[in-house]
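Tertiary structure, described
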Amino acid sequence: MYLQRLIILEGRGESPPSVCKQCDIIGRKAVYRCLSCDNVGLLCGECTATAHSHQPLHRIQKWNGHFFLKVQLKSLGMRIQLGHVPGEVCPKPESAWGDDFVVIDTDGVHNVGLDFCTCGSSTKSHVEQLLDRRLYPATTINPKSAATFRVLEVFELLQYESKVSPYELYNTISRLTDNTGLTSVKDRYPSFLRLVHEWRHLKLLKRAMRAHDPTRTASETKEGESALLCPPCPHPTINMPEGWEDEPEETRYIHALNLALDACFRLKRKDVSSEKADPGLSNGFSYFVKQSKFNEYLEEHKDEVEPKSNCSRHDAVNLADVSPGQGYAASGVATVECARHNMKRPAAVCDLQKGERYCNMDFILHWGIVVLALGVLRTFFISYDIACQWSKYLMSRLAKIDTNAPMLKPETKTRFMVPKFHLPAHIVSCHTKFAFMNTPGAGLGDGEAPERGWGEANPLAPSTREMGPGTRRDTLDYNFGDYNWRKIIDLGASLGKKMDTALSKVAENTIAHQELEETLDPTKVQEWAAQMAAWERDPVANPNPFEMTVSSPTQIAVRRVLADEEAADIAHAPSVLISRGLDLEAEQRSLRTEMKQTWTHSRDRELTRIQLRSNALIRKIDAWYQILQLYIPSTILLRQKATGPTTVPPYDLLIWLPSQIGRQAAVDARLTEIEFQLRTAQAQEALTNLRRCLQRRITVYDLKNRWLRGQSPNTKALNLLGNIESQITTARDEYRQARVAILSLADMMGKVGLEAFYRPLEDNDVRAMASPVLDREPETMTLKQLEKAKRSTGETGRTVSWIWRHASASEDNHTEYEAEAIKVEWAKSRARAMRYQEEVLIVREEMRRTVRFFSWKEKEWYKCGEARGKHGPIEEHYNEGLQAYAKRQGAICLGLRKKFEHMWSEEIANPALFYEKRKVEAEVQPVASVDVEMSSELLND
């Protein structure tokens, strides 16, 4: 049926009229139809032209007796008269130059008949007459082409949403005009490029109140003035409360500025055009820095050589002096963003000439703060992929840029961090020094804001790399502005979600920390708390409480200690006996793994090798039994009882260590003590190996997915991943076996509390800290799980496996290393609880700043609407337009403010009421009720 109706529409339809029904004049055949109007049927040429006096850009078709052909309204005598109201005749019209005017609209490139008014009723120029009809001319002198405001608005939003280029849109419109190739469509692509560039620049100035400024012209726009500010971020004199300068040191972080730096090497630019030929329209008006000032700065630092990294081999450091390659003028783009709300900062974006050089990042950081007069702020949190290296001499480099730089003030406090996803790639010492979760005042930030922004901007790379320098900067500026706007209108949901996340988990983490402290010595806790407070005040002069000061014990170290103790009696060396038993267990695990890899069609050579290894293991175990019965004679009877009619594989044979014997027979206490020491070292070493292998797997996965292309490199990477997976399995099985033995030995020795320290290792516990997505192959994940993984924001939003936060129950039963591990875990537990409590206060203040910001912005619009009228006399219609736009923008600010206030209801803005509601819901759940009461008390303190 559908296909049938489509075919019918190719003709004139059922019962086509022979005479136009609108005029009903004999001789006027109804052969014209409009594809843009509602289905009004067939009309004659005169009626078609009359009906479209107000719609001159509709698509018309004519029936030629066999099929419909496209025709222009111009061929029917239809003309567009400018300078008069539609339908009014101008006594002295002037046709466009050559009477060949082209209008670009959303559905085609139209050749129209267009007349300007020269009768004197209008004193407007040709350009003004076109603009009054919402046609944007391509030139200012003798215009022959124009684009409708509608097509310019469609392109603007279409590029922001789908990143289409002007070339792609113009080709689409051209094909809508004629898709057969039989008719030549007017080529106005160069004009369209210029039109969309000018249009977006004018919209940028319009939204930045530049049309309302009575004292400065558009060219006098200040740096960053046209950028959209981040409403929740602190802006002195705009959205900060009175007396914020007197905020106590403990909670000063709620007024801190959180910044994140990063660079993107996909946004390259080829070496085409020049600054002289293409300077751009908005030179430093919004997000890119002012180019002339930036070029002078680069000239002063052109000979600087970047220091090499003493952390991991960061490409951002080691490749900083590498040129972008032949034919490229810019290797990428660097930016400073709001780390908490993912917005671009004004005057804080620049091009990279080589790699990610320090001088580029220093410049945009400094001017991103100075442009907005944020120097009065006292606390800065700065996140950067290579903050561990870049921050070392940052202050001395800033002093060379500006001796009065805000970050150089003595009262200013600056903390540097590494984004959560990038932190695992750093060396171990960086994991504690630059972690968000360990930084007081950082809340639940992750520092990955620039990465999310690059995901939006990267699709522009194919088109922007071909542009001149100025056009490219302007294009990215426009897209950055739309990116900020979408973040602004989504603040209601994003801040509400942050508050809900913090409130829902603050009790869980706080109570977990309190439960941990209850198992510890109060004196020790006070000592640790003092050390933590000292480090938070001055992390440089005080030791880091998150770092282990005691080395992890290894089996080799324990064996050496035991060997030294037995040096006086070589004839009796029980530690050698137990160590040999552990070695046999390791061989059994290895053999079991190999056996699992065989199958029915395994090659004879492989089966023979495994059989020979099995025979060798059996002989070793038999020899072990002969020695074991000298130390534990009861093992002879135990072996006889355990022997059955079935054959036991060599990897399942019992070694009959004290842990396996348990209370079945008497065992020398010395042997039990020796095995316990070796087993605890074995468990710790297995966990260490497991964590190391999981981190290696993350690194290899990231390297493979981001950089490796081609069969050979990927095959090598897959082989390496296979080896790592094998090591992970071995470490997992070793820990499980060691844990079973430790608990058995603890029961024999009367030790208690070890179940909490040596926790069971489930399969879902064996996952990496940084990226849980890599622990499951995409092929095994559902579409919903894949989509959720894409939206995952990092470590804070998921449960970290206990292997990364290994806690203990009581210090009394543990070694020096275990006691140190308890201290570190206490510090991490406290940090987690503090970050969630901080997040509640930070987000609450951000909500308040957002409301204050829109109140200020609303008043600014109302004020600027009257600015030109107060400065001097202006035309009434111009003044009406100024006030109308200002009031409309003020109404938008008012609407957003009221919307957000409604979304952030009183129970969210006041966490105590939030918990009162939760308490009512949890009355039937006593445990949950306790959590709610605890959270309410915490937030009221």
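Residues numbered from 1 in each chain as written. Predicted model: local features only at pLDDT ≥ 70, side-chain atom pairs only at ≥ 80, totals over all residues. Heavy atoms only, no water.

The name that an unreviewed UniProt entry assigns to the chain is CxC2-like cysteine cluster KDZ transposase-associated domain-containing protein, with the source organism given as Ephemerocybe angulata.

1. Focus: the overall build of the chain
For the chain, the helix and strand inventory stands at 32 helices and 16 strands. Sorting the 941 residues of the chain into buried and exposed places 48% on the buried side. (Helix = DSSP H or I, 4+ residues; strand = E, 2+ residues; numbered from the N terminus. Buried < 20%, exposed > 50% of the residue type's maximum accessible area, 1.4 Å probe, protein only.)

2. Some remarks on the sheet that holds strand E1 (residues 32-34)
Pairing within the open sheet is antiparallel, and its three strands lie in the order E1-E2-E3. For this open sheet the edge positions go to E1 and strand E3 (68-71), each flanked by a neighbour on one side alone. Going across the sheet, the axis of each strand differs from the next one's by a mean of 35 degrees, ignoring polarity. The sheet contact formed by strand E2 (residues 60-63) and E3 spans four bridges and is antiparallel. (Pairing = 2+ DSSP bridges. Axes fitted to C-alpha atoms, helices over the stretch in contact; angles between N-to-C directions.)

3. Here's the deal with a nonpolar patch on the surface
Taken together, Leu3, Leu6, Ile7 and Leu9 make up a surface patch of nonpolar side chains, about 450 Å² in accessible area. The topology assignment puts Leu6 in helix H1 (residues 2-8). (Patch = residues over 30% accessible without salt bridge, like charges linked within 9 Å, V, L, I, M, F, W, Y side chains within 5 Å. Areas by Shrake-Rupley, 256 points an atom, 1.4 Å probe, with all protein chains shown as cover. Salt bridge = Lys/Arg side-chain N within 4 Å of Asp/Glu carboxyl O.)

4. Some details on the pairing of strand E15 (residues 379-384)
Residues in a regular strand point their side chains to alternate faces of the sheet. Most of E15 is tucked away, with six of its six residues classed as buried. Every second residue of E15 is oriented toward a common face, with Thr379, Phe381 and Ser383 on one face and Phe380, Ile382 and Tyr384 on the other, all of them buried. Here strand E10 (residues 257-264) pairs with E15 via five bridges, running parallel. Across the sheet, Leu261 pairs through a bridge with Tyr384, a residue of E15. With five bridges joining them, E15 and strand E16 (residues 413-417) adopt parallel strand pairing.

5. Quick look at unusual backbone geometry
Positioned with a positive phi, Ser15 is a non-glycine residue whose angle comes to about 50 degrees. Among the structural elements, Ser15 can be located in the loop between H1 and E1. Under the relative-accessibility criterion, Ser15 is labelled exposed at 68%. A positive phi angle is found at Met209, which is not glycine, with a value near 70 degrees. Along the polypeptide, Met209 turns up in the loop between helix H6 (189-207) and E10.

6. Some words on the pattern of salt bridges
For side chains bearing opposite charge, pairing can occur when the charged atoms are close. One pass over the structure, following the stated rule, counts 44 salt bridges. A salt bridge links Arg150 to Asp105; its shortest N-O distance comes to 2.5 Å. Residue Arg150 is located in helix H4 (residues 149-162), and its partner Asp105 is located in strand E6 (residues 101-105); the two are separated by 45 residues in the primary sequence. Among the residues examined, Asp105 registers a relative accessible area of 2% and is labelled buried. What you see here is one network of salt bridges that share partners, running through Lys163, Glu456, Asp482 and Arg486.

7. A look at the confidence of the model for the chain
Averaged over all residues, the pLDDT of the chain equals 83, while 86% of them reach at least 70. Throughout residues 790-798 the model reports pLDDT below 50, and contacts reaching past four residues in sequence, or to other chains, amount to 15 contacts. Here residues 924-941 is modelled with pLDDT under 50, and outside its nearest four sequence neighbours on either side it reaches 23 contacts, counting other chains as well. (pLDDT = per-residue confidence, 0-100. Contact = heavy atoms within 4.5 Å.)

8. Things to note about the packing of helix H9 (residues 358-370) against helix H11 (residues 394-401)
With their axes 10 Å apart at the nearest point, H9 and H11 run at an angle of 70 degrees to one another. If you check the angle between H9 and H11, you find them roughly perpendicular. The crossing of H9 and H11 is right-handed. Side by side, H9 and H11 meet where Tyr358, Asp362, Phe363, Leu365 and His366 of the first sit next to Leu394, Arg397, Leu398 and Ile401 of the second. (Parallel < 35°, antiparallel > 145°, perpendicular 65-115°, else oblique. Left-handed = near helix turned anticlockwise from the far one by under 90°.)

9. Details of the nonpolar core
By size, the foremost hydrophobic cluster in this structure holds 70 residues, and its most contacted members are Leu261, Ile364, Leu365, Ile382, Trp390, Met407 and Phe416. It is helix H27 (residues 816-865) that provides the largest number of residues to this core, a total of eight residues. Of all hydrophobic cores here, the second largest spans 27 residues; its members include Cys693, Ile698, Phe757 and Trp802. (Core = buried A, V, L, I, M, F, W, Y, C linked by side-chain atoms within 4.5 Å.)

10. Re the packing of H4 against helix H15 (residues 469-489)
Running from amino to carboxyl end, H4 crosses H15 at an angle of 75 degrees, the nearest separation of the two axes being 10 Å. The pairing of H4 with H15 is recorded here as roughly perpendicular in orientation. From H4, Gln159, Tyr160 and Glu161 reach across to H15, where they touch Thr475, Tyr478, Asn479, Asp482 and Arg486. Looking at side-chain class alone, the contact of H4 with H15 contains two nonpolar, three polar and three charged residues. (Nonpolar A, V, L, I, M, F, W, Y, C, P; charged D, E, K, R; others polar.)

11. What about the packing of aromatic side chains?
Applying the stated criterion across every chain, the model contains 20 aromatic pairs. Note on Phe149 and Trp199: the rings are 4.9 Å apart at their centroids and 50 degrees apart in plane angle, and the pair reads as tilted. Residue Phe149 is found in helix H4, and its partner Trp199 is found in helix H6; the two are separated by 50 residues along the sequence. With a relative accessible area of 15%, Phe149 lands in the buried category. Connected via pairs of aromatic rings, a cluster forms that spans Phe155, Tyr167, Tyr170, Tyr189 and Phe192. It is Arg33 that lies over the ring of Phe68; its NZ or CZ is 3.7 Å from the centre. (Phe/Tyr/Trp six-rings, centres within 6.5 Å; stacked < 30°, edge-to-face > 60°. Lys NZ or Arg CZ within 6 Å of the ring centre and 35° of its normal.)

12. Side note on the sheet that holds strand E13 (residues 332-338)
Spatially, the five strands line up as an open sheet ordered E14-E13-E10-E15-E16, and their pairing is mixed. Both edges of this open sheet fall to strand E14 (344-352) and E16, since each of them pairs with a single strand only. Mean inter-strand twist for the sheet, computed between neighbouring axes without regard to direction, equals 20 degrees.

13. Comments concerning the side chain of Asn509
Within the secondary structure, Asn509 sits in helix H16 (residues 491-518). Residues in contact with Asn509, not counting those within four places in the same chain, are Arg832, Ala833 and Tyr836.

14. Quick notes on helix H24 (residues 711-749)
Taking 1.5 Å per residue, 39 residues should reach 57 Å; H24 reaches 56 Å between its end C-alpha atoms and fits that length. Positive backbone phi, approximately 80 degrees, marks Gly750, located one or two places after H24. (Expected span 1.5 Å × (residues − 1).)

15. Considerations on the environment of Ser121
Inspection of the secondary structure puts Ser121 in the loop between strand E7 (108-117) and helix H3 (126-132). For the pair Ser121 and Cys90, spaced 31 residues apart in sequence, the C-alpha separation works out to 8.8 Å. Residues in contact with Ser121, not counting those within four places in the same chain, are Gly83 and His84.

16. Some words on the state of the cysteines
Where two cysteines share a covalent bond between their sulfur atoms, that bond is called a disulfide. Enumeration over the complete set of coordinates arrives at zero disulfides. Cysteine Cys388 remains unbridged, with the sulfur of Cys430 as its closest cysteine sulfur at 3.9 Å. (Disulfide = S-S within 2.5 Å.)

17. Description of the environment of Val185
Mapped onto the fold, Val185 is located in the loop between helix H5 (166-177) and H6. Linking Val185 and Asn111, residues 74 residues apart in sequence, is a C-alpha distance of 9.4 Å. In contact with Val185, other than residues within four places in its own chain, are Val109, Ser174, Thr177 and Asp178.

18. Topic: the pairing of strand E9 (residues 145-148)
Residues Ser145 and Ala147 line one face of E9 and the alternating positions Ala146 and Thr148 line the opposite face, and both faces are buried. Summarising the sheet, E6 and E9 pair through three bridges and their orientation is parallel. By the bridge assignment for E9, Ile104 is matched with Ala147. Looking at chain direction, strand E8 (residues 135-137) and E9 are connected through three bridges and run antiparallel. Bridging from a neighbouring strand, Tyr136 pairs with Ala147 of E9.

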